[in-house]
Amino acid sequence: MYYYIFDIKKCKKRTLVDDIKNYLSTLGISGEFAYPSAAYTTEELVDLGLSKKYNTIVGIGGDEIANKIAAKLCGNSAALGIIPLEASSDLEDLIGAKNWKEAAENLRFRKINEIKIGKTANGSAFLTNLSLDLKIPTEVTIEFKDFLVQAKASALTISNFNPTIEKIGPDYLDLILESVDPHDSAILSKISLFFGGKKNENANMSLFRGRSLRLFTNTQVPLTAGGEIIAKTPQLIETSDDNLRLIVGKKSLYKCQE
Amino acid sequence: MAQEKEFMENNVDTIIGINVTIKGNLYNKGSIQVNGSVDGEVKSDENLIIGETAQIKGPVVARVIEVSGEVKGLVEAIDKLEIQPTGRIYGDINAKTLIIKEGATFVGKSIMPGEAKAMAEAAKPKEETKQEIKAEDSIEQIADKMGFFSKK
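The paragraphs below set out a description of the structure included in this document. (Residues numbered from 1 in each chain as written. Chains lettered and ligands numbered in written order. Predicted model: local features only at pLDDT ≥ 70, side-chain atom pairs only at ≥ 80, totals over all residues. Heavy atoms only, no water.)

### A few points about the pairing of strand β3 (residues 56-61) of chain A
In summary, the side chains of a regular strand alternate between the two faces of the sheet. Residues and elements named next belong to chain A. Note the cut-off: Any residue under 20% of the maximum accessible area for its type is buried, any over 50% is exposed, and the rest in between are partly exposed; the area is computed with a 1.4 Å probe on protein chains only. Strands are runs of DSSP state E lasting at least two residues, helices are runs of H or I lasting at least four, and both sets are numbered from the N terminus onward. Here, strands pair whenever DSSP counts at least two bridges between them.
β3 sits mainly inside the fold: six of its six residues count as buried. Side chains T56, V58 and I60 of β3 all project onto a buried face; the interleaved residues I57, G59 and G61 project onto the opposite face, where all are buried too. As judged from the five bridges shared by strand β1 (residues 2-6) and β3, these two strands associate in the parallel manner. Residue pairing across strands places I5 opposite G59, the latter belonging to β3. Bridge count between β3 and strand β4 (residues 79-84): six bridges; the pairing is parallel.

Structure (structure tokens):
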């Protein structure tokens, strides 16, 4: 019933692999274990698991492996389980488990939440956040259905799930943008601050919601999810048409207005 | 982004930051806060907060509107419009309740929905109570119908 795809790189201690396996056996939810390698990618292992008729594919690792499995399972009747190892706190909040033991227990109860996932036009997916990897403030243009947003961004994140923001609908993405004055040089702003000028950080923050958006930058900038580059600008980013069946615990912070 | 938590607690669906420019029409069921520039229509079913640094060129429509920045265009508040001392409106306003604070700028025409109805009623021509003059009427009756004699 359970097909585990184990990201060994996330195991700091070799004994952790055995500890997790033993704990899953104790809970009565042991299954087949597979490990991504040069021979089999995570995506290929998901296909293999599905071909063997497993109804639960579990990613053991960080955001990277969870996103890859989510992209393959979206629209499939098989459920996704996640046992976090060095995962982001947002992913832990999404599944409602702060450590691998809690996550393993959640798998046993198999509470399923059907959610949309964020997708890029190149087929990559993100369960939580997709960030524009900016080294310096960069001019960005974001095209929504009815309007265009232009700004010099110092940070930009597109969230499918962010525990600090309540989603306005299951198929909406939240875009959080931190902007700087396009006419202000770093030196001038430092001088201004030195002479008592106020830096109003909250006023620099923007929040937009949309089902789909196009992101443009003057030069190509990478988009990262879980620390991994999954796409580059210009890019179309939208929510999936299909649902992902995600196993969550009672402590999951996923909430939606609709 | 460390400030995320703080500004998300404002219970606003859309926030336009200080150095952000929007071109097009922004419509939201929830509340909108504008601190940047908008060239187009801004419409919300809830509250619209126009900050001190905001500049909007286009009509704005919401249930409750608070203006601390600049609007060039029609401002339509279903319930209440409040223009703060730093607020500047260059355009007509249509609001059920209107509050203009000292120091605010308003150049335009103000219409209150209830008053507008009453004005429209008053402007309607009154129904004339002309009476038909018949051939068999006496000269006194004709004069009476034509209003030559005042009724006592």
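There is more to say, and it comes next.
### Some points on the pattern of salt bridges
When the charged atoms of two side chains lie near each other, side chains of opposite charge can form a pair. Heads up, the condition is: Salt bridge, as used here: a side-chain nitrogen of Lys or Arg that lies within 4 Å of a carboxyl oxygen of Asp or Glu.
Counted by the stated rule, this structure contains 18 salt bridges over all chains. E102 of chain A is the partner of K251 of chain A in a salt bridge, and the nearest nitrogen-oxygen pair spans 3.6 Å. Taken together, the residues span a long stretch of sequence, with K251 of chain A in the segment after β17 (244-247) and E102 of chain A in helix α5 (residues 100-109) at a distance of 149 residues. Residue class for K251 of chain A comes out exposed when judged on its relative accessible area of 57%. Assessed through its relative accessible area of 22%, E102 of chain A is described here as partly exposed. Residue R88 of chain B is joined to E70 of chain B by a salt bridge in which the shortest nitrogen-to-oxygen separation is 3.4 Å. You can see R88 of chain B sitting in strand β12 (residues 88-90) and its partner E70 of chain B sitting in strand β10 (residues 70-72), a full 18 residues away along the chain. Under the relative-accessibility criterion, R88 of chain B is labelled partly exposed at 24%.

### Section: helix α2 (residues 42-51) of chain A
All names here are of chain A. For clarity, the cut-off: It is the directions from the helix axis to the C-beta atoms that the arc portrays. Contact between two residues is taken to exist if any of their heavy atoms lie within 4.5 Å; hydrogens are not considered.
Of all the positions in α2, only T42, L45, V46, G49 and L50 are classed as buried. Viewed end-on, α2 has its buried residues packed into an arc of 140°, placing them on one side of the element. Against β1, β2 (32-34), β3 and α3 (63-73) lie the buried residues of α2. Once α2 ends, the next one or two residues include K53, with phi positive near 65°.

### Quick notes on the interface of chain A and chain B
By a widely used convention, the size of an interface equals the accessible area lost when the partners come together. Selection criterion: Defined in terms of a 1.4 Å probe, buried area is the accessible area two parts forfeit on being brought together, summed over both. Any N or O atom pair separated by 3.5 Å or less is treated as a polar contact, with the protein-specific requirement of one donor-capable and one acceptor-capable atom, and with residues adjacent in sequence counted only for side-chain atom pairs.
Facing 30 residues of chain A, the contacting portion of chain B comprises 23 residues. For the chain A and chain B pair, buried surface summed over both sides reaches about 2200 Å², with 55% attributable to carbon and sulfur atoms. There are one salt bridge connecting chain A and chain B. Two residues, R209 of chain A and D13 of chain B, come together in a salt bridge whose shortest N-O distance is 3.7 Å. Taken together, the connections running from chain A to chain B amount to seven residue pairs in polar contact (both at pLDDT 80 or more).

### Quick word on the packing of helix α1 (residues 14-27) of chain A against α5 of chain A
All names here are of chain A. Inclusion rule: Here, axes are lines fitted to C-alpha atoms. For helices the fit covers the stretch in contact, and angles between N-to-C directions go from 0 to 180 degrees. Working definition: roughly parallel below 35 degrees, roughly antiparallel above 145 degrees, roughly perpendicular at 65 to 115 degrees, and oblique for all remaining angles. Crossing handedness follows the turn of the near helix against the far one: under a right angle anticlockwise gives a left-handed crossing, and clockwise gives a right-handed one. By the convention adopted, Pro, Cys, Tyr, Trp, Phe, Met, Ile, Leu, Val and Ala count as nonpolar, Lys, Arg, Asp and Glu as charged, and the other residues, Gly among them, as polar.
Between α1 and α5, the shortest axis-to-axis distance is 10 Å and the interhelical angle comes to 30°. Our classification of the angle between α1 and α5 gives roughly parallel. The handedness of the crossing between α1 and α5 is right-handed. In this structure, α1 uses L16, D19, I20, Y23, L24 and L27 to contact α5, whose residues at the interface are W100, K101, A104, E105, L107 and R108. For the contact of α1 with α5, the class distribution of residues is eight nonpolar, no polar and four charged.

### Considerations on the environment of T239 of chain A
All names here are of chain A. Mapped onto the secondary structure, T239 falls in strand β16 (residues 235-239). Put simply, T239 and L213 are 26 residues apart on the chain and 9.6 Å apart in space, counted from C-alpha to C-alpha. Excluding anything up to four places from it in sequence, T239 contacts K116, I117, N160, D171, Y172, L173 and R211. Looking at T239, its side chain comes within polar contact range of the main-chain oxygen of D171, at 3.0 Å.

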